[in-house]
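If you want the building blocks of each chain, they are given just below.
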Amino acid sequence: MSKKKLFKLHSWLALLAMIPILVISITGSIIVFKPEIDAWLMPENATLTDVATERMSLNSLIDNIHTQLPNYELGTWEVFDDKQTADAVYVIKRDTFDWFKVYLNPYTGQVLSKPVVLDHYLTDWLVELHYTFLLKEAGVFVGLLSAMILLFLGISGIILYRQFWKRFFTLRWNKQMRVFFSDFHKMVGITASPVLIILAVTGGYWNLAEFVHEMSHTAEEKSFVLQDKRYSDSISFDALNQDAMQRIDGFKLTYLVFPFEPGMNISYRGSVPTDNSLMSDYSSGVNYDPNNGAFMVKWDIRSSGLGAKILDSFINLHFGTFAGLTSRILWSVLGGMPLFLSFTGFYLWYSRRVKKNLSKQNRQALSYT
């Protein structure tokens, strides 16, 4: 493809996806700091004040949740053990498949909030807007297309302006606004493109996986309602956690998945000690049979293949958590650059269009003289 055709395709796709990419970039830059925002906006729910020496046992916590929320069943459970952050527990209302979120103090067993829909809190609403544009399955597909376009824009921008590094730090301030915006657009684009490409690949993969998952559901599966818990009363979740720690050296539980759909197992997911900062807090795990607690399968990221390591790294790469606060700030800033790229890009496109129309009018005027 010629440079001219590539430039046109770059421009038109940028215009086509400008609004969804802006939504994705702005919301993404905000939710990078979701834990801090939650702690600031709702400290009574998201943070802990009454902290004992150790967390209560899983069995005791599960009993407490069922006692305090008798009309709900457990779905998934985000586990924290830093004596500062409340656990986030996702529950399903019985005789429906409607999901709700509650915060739990794992040191006292107290449910800190009433069940609310998954996009009730501001940051959760922003997450939903970021991934689905509040359009559910259709929004997942729109997000996938937007990620693909963002990936193309990042790659094509590098190709089109690959020589810009020669005058990377030069902005022609004393020239026309169009020239300055052109320089600024190229400088910002070249700087942000590596991060935007990473965000497009990782986010696009998750949207694709979610879209395929939703499309694979049959009509019967989509109409499924949860009437009661789908695991045996005889199962000890503490015993399973101990078993997981014995099977995987250094395993620390961070996420517990209950069998909320037919065919699902009980799944313990967590982190393991590793020198690879790209490995997530959910990199390893063990699955158990929900009927009798029998061991099913385990996976340890340290002994997994390259493909599994790459897919697991998507979490830290997407949220910029691989180097602490420094990388999160960098990801937030560079991930928000489409805001400036959209403004400058639209201005440049509009300027070219006005100039082209004016030139056409002049040629027509000359043809009549």
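A brief look at the structure comes next. Every value quoted in this text rests on a predicted model; they were computed, and no experiment measured them.

**Remarks on the pattern of salt bridges**
This structure, assessed with the given rule, holds 9 salt bridges. For E73, the salt bridge goes to R94, with nearest N and O atoms at 2.6 Å. Of this pair, E73 sits in strand β1 (residues 72-78) while R94 is found in the loop between β2 (87-93) and β3 (99-105), placing the two residues 21 residues apart along the sequence. Of the residues examined, E73 reaches a relative accessible area of 4% and is grouped as buried. Given a relative accessible area of 26%, R94 falls into the partly exposed group. Counted as one network, the salt bridges with shared partners bring together K34, D38, K101 and D124.

**Topic: the nonpolar core**
Residues W77, F237, I266 and Y268 are the most contacted members of the largest nonpolar core, which totals 32 residues. Those elements that provide at least two residues to this core are α5 (58-68), β1, β2, β3, α10 (237-247), β6 (252-257), β7 (266-271) and β8 (284-288). A total of 4 residues in this core trace back to one element, the largest contributor, which is α5. Counting residues in each nonpolar core, the second largest holds 17 residues, with M42, Y90, Y103 and F260 among its members.

**Structural notes on empty space enclosed by the protein**
To find the voids left in a structure, one rolls a probe of water-molecule size over its atoms. Throughout the structure, instances matching the rule amount to 2 cavities of 30 Å³ or more. Approximately 300 Å³ is the volume attributed to the largest cavity. Together, 25 residues line the largest cavity, and I24, G28, H130, L199 and H318 are the ones closest to its centre. Elements supplying a minimum of two residues to the lining of the largest cavity: α2 (18-31), α6 (122-132), α7 (136-160), α8 (177-216), α11 (306-319) and α12 (324-335). When its volume is computed, the second largest cavity comes out at roughly 40 Å³. Forming the boundary of the second largest cavity are E73, L74, L226, K229, R230, Y231, F258, P259 and F260. Its residues placed into classes, the lining of the second largest cavity shows 6 nonpolar, no polar and 3 charged.

Cut-offs used in this document
- Residues numbered from 1 in each chain as written.
- Predicted model: local features only at pLDDT ≥ 70, side-chain atom pairs only at ≥ 80, totals over all residues.
- Heavy atoms only, no water.
- Salt bridge = Lys/Arg side-chain N within 4 Å of Asp/Glu carboxyl O.
- Helix = DSSP H or I, 4+ residues; strand = E, 2+ residues; numbered from the N terminus.
- Buried < 20%, exposed > 50% of the residue type's maximum accessible area, 1.4 Å probe, protein only.
- Core = buried A, V, L, I, M, F, W, Y, C linked by side-chain atoms within 4.5 Å.
- 1 Å grid on protein atoms, 1.4 Å probe; cavity = no way out; pocket = protein on both sides within 12 Å on 5 of 7 lines; lining within 4 Å.
- Points joined across faces, edges and corners; volume = space filled by probe spheres on them.
- Nonpolar A, V, L, I, M, F, W, Y, C, P; charged D, E, K, R; others polar.

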